[in-house]
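Here's the letter readout for the chains.
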Amino acid sequence: MRVTGLLLLVAHLSTVGWLTLRPRTVPWVPAANLEPLATIRAELARDLSWEVVQHLGGPVLLLAPLGVLLPLSAGRLNVSPLVSFTRTVFAGAMIALAIELLQSGVPGRVPDVDSVLLNTLGVALVHLAVVPGARSRLRRRYEHLGAMTPKIPRVELAPQADVLSVSRTYL
């Protein structure tokens, strides 16, 4: 699962990079927004329409898959939900910030601090909606499979490879 998570993470970040970091040819660009919540307030002040939903929902959905892909690529089942949430949201925020900083050097792209906030919100919402339930389901599945460890019939011991596999570390 870890390899699958890493491959999907790389594919998603490549797509996001292509979408957000390619130059646009526009006659003019607005100034960079460095005031938190200014763009969000301006969008919500307009009449609620499909354009407003697109302008606010796009950044929320852009990095939302990271809420699942980052924990999946880590491959940990037995981790505190709070630690997992904190790690994932922090990593999502740093990726969003890196994208916005890189956009400052791309022609036709304007950095916006509200995009970082909306991207991070998307990561947090998807993580809360999917990861805790999926981890508990996977834990139950592996506990069920762990109870069925094959044992040597006369001795009633598990094979040595199963016992030592937890303590081995590979560099």
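Remember, predicted model here, so these are calculated numbers, not experimental data.

1. Things to note about the confidence of the model for the protein
Item 1. With 84% of its residues at a pLDDT of 70 or more, the protein shows a mean pLDDT of 86.
Item 2. Across the protein, element-level confidence peaks in helix α5 (residues 81-103) with a mean pLDDT of 96 and bottoms out in helix α7 (residues 160-164) with 51.

2. Remarks on the nonpolar core
Item 1. In terms of nonpolar packing, the biggest core is built from 10 residues, these being L9, V16, L63, L66, L69, L70, A96, I99, V116 and V123.
Item 2. Looking at this core, the elements that each hand over two or more residues are α1 (2-21), α4 (66-74), α5 and α6 (113-146).
Item 3. Top element by residues in this core is α4. It accounts for three residues.
Item 4. Once residues within four sequence positions are removed from consideration, V123 is found in contact with L63, A64, L66, G67, T88, V89 and G92.
Item 5. Within the second largest apolar cluster, five residues are counted, among which are I40, V52, L56 and V60.

3. Observations concerning the packing of aromatic side chains
Item 1. Under the definition given, this model contains zero aromatic pairs.
Item 2. The ring of W18 carries R22 above its face, with NZ or CZ at 4.1 Å from the centroid.

4. Quick word on the packing of helix α2 (residues 38-45) against helix α3 (residues 50-62)
Item 1. Axis separation between α2 and α3 bottoms out at 9 Å; the angle between their running directions is 160 degrees. In terms of their interaxial angle, α2 and α3 are classed as roughly antiparallel. Once α2 is placed against α3, the crossing between them reads as left-handed. On α3, the residues touching I40, E43 and L44 of α2 are V52, H55 and L56.

5. A closer look at the side chain of D112
Item 1. Following the sequence through the fold, D112 ends up in the loop between α5 and α6.
Item 2. Here D112 occupies a buried position and makes no salt bridge, while the nearest side chain of opposite charge, R24, is found at 10 Å.
Item 3. Within the structure, D112 has its side chain in polar contact with the backbone nitrogen of D114 (distance 3.1 Å).
Item 4. Beyond its immediate chain neighbours, meaning those up to four positions away, D112 contacts N33, T39 and E100.

6. Examining the pattern of salt bridges
Item 1. In total, this model carries three salt bridges according to the counting rule given.
Item 2. With a closest N to O distance of 4.0 Å, E35 and R41 form a salt bridge.
Item 3. A residue is classified by how much of its surface remains accessible, and E35, at 46% relative accessible area, is partly exposed.
Item 4. With its nearest N and O atoms 3.4 Å apart, the salt bridge here joins R46 to E51.
Item 5. On the basis of relative accessibility, which here comes to 47%, the residue E51 falls in the partly exposed class.
Item 6. Connected through shared salt-bridge partners, E43, R46 and E51 make up one network.

7. Some thoughts on the side chain of N33
Item 1. By secondary structure assignment, the location of N33 is in the loop between α1 and α2.
Item 2. With sequence-adjacent residues up to four places away left out, N33 is seen in contact with A38, T39, P111, D112, V113 and D114.

Reading the values: the criteria
Residues numbered from 1 in each chain as written. Predicted model: local features only at pLDDT ≥ 70, side-chain atom pairs only at ≥ 80, totals over all residues. Heavy atoms only, no water. pLDDT = per-residue confidence, 0-100. Helix = DSSP H or I, 4+ residues; strand = E, 2+ residues; numbered from the N terminus. Core = buried A, V, L, I, M, F, W, Y, C linked by side-chain atoms within 4.5 Å. Buried < 20%, exposed > 50% of the residue type's maximum accessible area, 1.4 Å probe, protein only. Contact = heavy atoms within 4.5 Å. Phe/Tyr/Trp six-rings, centres within 6.5 Å; stacked < 30°, edge-to-face > 60°. Lys NZ or Arg CZ within 6 Å of the ring centre and 35° of its normal. Axes fitted to C-alpha atoms, helices over the stretch in contact; angles between N-to-C directions. Parallel < 35°, antiparallel > 145°, perpendicular 65-115°, else oblique. Left-handed = near helix turned anticlockwise from the far one by under 90°. Lys, Arg positive; Asp, Glu negative; His and termini not counted. Salt bridge = Lys/Arg side-chain N within 4 Å of Asp/Glu carboxyl O. Polar contact = N/O pair within 3.5 Å; in protein donor to acceptor, adjacent residues only side chain to side chain.

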